[in-house]
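Notes for the structure review
Spelled out from the first residue to the last, the chains are:
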Amino acid sequence: MAKLIYSAIASLDGYVADERGEFGWARPDDDLHRLANDLERPLGTHLYGRRMYETMRYWETHDTSGDDPMADFAQIWQAADKVVYSRTLAAPSTPRTRIERELDPAAVRELKTRADRDIGVGGPGLAAHALRAGLVAEIHLFVVPVVLLLVGFPIFMVLLTAVTVALVFFMQVPLVVGHQNLFGSFNATPLLAASVFH
């Protein structure tokens, strides 16, 4: 049976975007991008809400001819199937994509049973539904040393107290608070900080 994995890049205080919905502060360097690619490569399907899909569809037209991590990610994304949960999208704008009107836990369980590759879920809103339904097996959390001062879109829109899930942290150093670097030049080397089970 395939696992459902929630992957996200978050600030140190737990946000995926600032109060304006922007996340430029979360842009990974090449090393972190390669690590993320290695974790995304085994996924055969991605589950998205409308907003996350509209953000991610950029990768459909990104140049795949280079050997850089962004071209690699574009190849990975283009090769995967996508399921978009939206009540407003009439049709997908990318290949290998289908629209569902709402997340049906029974349908996702069936998808996990049939899939020969793991499945990703993107975006805190959709992930909250999947977490509440007990569908998520792992969370890959890339923590960027930026503090947004508790303003923005939180990574966990649902409390994890009743969820059993593998949680893997990846950390970049040094610490940045409110987009201000406190410790000199930005070193974006990813560190595997912890792997814990809740």
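All values derive from a computational prediction rather than experimental measurement.

Basis of the calculations
- Residues numbered from 1 in each chain as written.
- Predicted model: local features only at pLDDT ≥ 70, side-chain atom pairs only at ≥ 80, totals over all residues.
- Heavy atoms only, no water.
- Helix = DSSP H or I, 4+ residues; strand = E, 2+ residues; numbered from the N terminus.
- Buried < 20%, exposed > 50% of the residue type's maximum accessible area, 1.4 Å probe, protein only.
- Contact = heavy atoms within 4.5 Å.
- Areas by Shrake-Rupley, 256 points an atom, 1.4 Å probe, with all protein chains shown as cover.
- Patch = residues over 30% accessible without salt bridge, like charges linked within 9 Å, V, L, I, M, F, W, Y side chains within 5 Å.
- Salt bridge = Lys/Arg side-chain N within 4 Å of Asp/Glu carboxyl O.
- Lys, Arg positive; Asp, Glu negative; His and termini not counted.
- Charge placed at Lys NZ, Arg CZ, Asp CG, Glu CD.
- 1 Å grid on protein atoms, 1.4 Å probe; cavity = no way out; pocket = protein on both sides within 12 Å on 5 of 7 lines; lining within 4 Å.
- Points joined across faces, edges and corners; volume = space filled by probe spheres on them.
- Nonpolar A, V, L, I, M, F, W, Y, C, P; charged D, E, K, R; others polar.
- Phe/Tyr/Trp six-rings, centres within 6.5 Å; stacked < 30°, edge-to-face > 60°.
- pLDDT = per-residue confidence, 0-100.

Examining the overall build of the chain
Of the regular secondary structure elements, the chain holds five helices and 13 strands. The burial tally for the chain puts 44% of its 198 residues in the buried class. Within the chain, contacts between residues at least 6 apart in sequence are counted, and of these 71% link residues at least 24 apart. Approximately 10,300 Å² of the chain is accessible, and the part contributed by carbon and sulfur atoms is 56%.

Here we look at a negative patch on the surface
Taken together, the side chains of D30, D63, D67 and D68 define an acidic patch exposed on the protein surface. Here D63 is to be found in the loop between α2 (50–56) and α3 (69–79).

With respect to the layout of surface pockets
Taken as a whole, the second largest pocket encloses approximately 180 Å³ of empty space. Lining of the second largest pocket is provided by 15 residues; of these, G44, T45, D81, A115 and D116 occupy positions nearest its centre. For the lining of the second largest pocket, the elements supplying multiple residues, two or more each, are β3 (43–49), β4 (81–85), β5 (97–100) and β6 (118–122). Here the element with the most residues in the lining of the second largest pocket is β4; it accounts for three residues. Residue composition of the lining of the second largest pocket, grouped by class: five nonpolar, three polar and seven charged.

Some remarks on the packing of aromatic side chains
For the structure shown, the criterion picks out two aromatic pairs. Plain terms: the ring middles of Y58 and W59 are 5.1 Å apart, the flat faces sit at 80° to each other, and that makes the pair edge-to-face. Y58 gets classed as partly exposed once you look at its relative accessible area, which sits at 43%. W59 gets classed as buried once you look at its relative accessible area, which sits at 12%. Within the aromatic cluster, the residues linked to one another by ring pairs are Y58, W59 and F73.

Digging into the side chain of S7
By the secondary structure assignment, S7 is in strand β1 (residues 4–11). On the basis of relative accessibility, which here comes to 19%, the residue S7 falls in the buried class. When residues no more than four places from it in sequence are discounted, the contact partners of S7 are E40, V121 and H140.

Considerations on helix α5 (residues 124–132)
Every buried residue of α5 is accounted for by P124, L126, A127, A128, A130 and L131. Looking one or two residues past α5, G134 carries a phi angle of roughly 75°, positive in sign.

Some thoughts on the confidence of the model for the chain
When the pLDDT values of the chain are averaged, the result is 82; 79% of them are 70 or greater. Contacts of residues 173–198 to residues separated by more than four positions or lying in other chains number 73 contacts, the stretch itself having pLDDT below 50.

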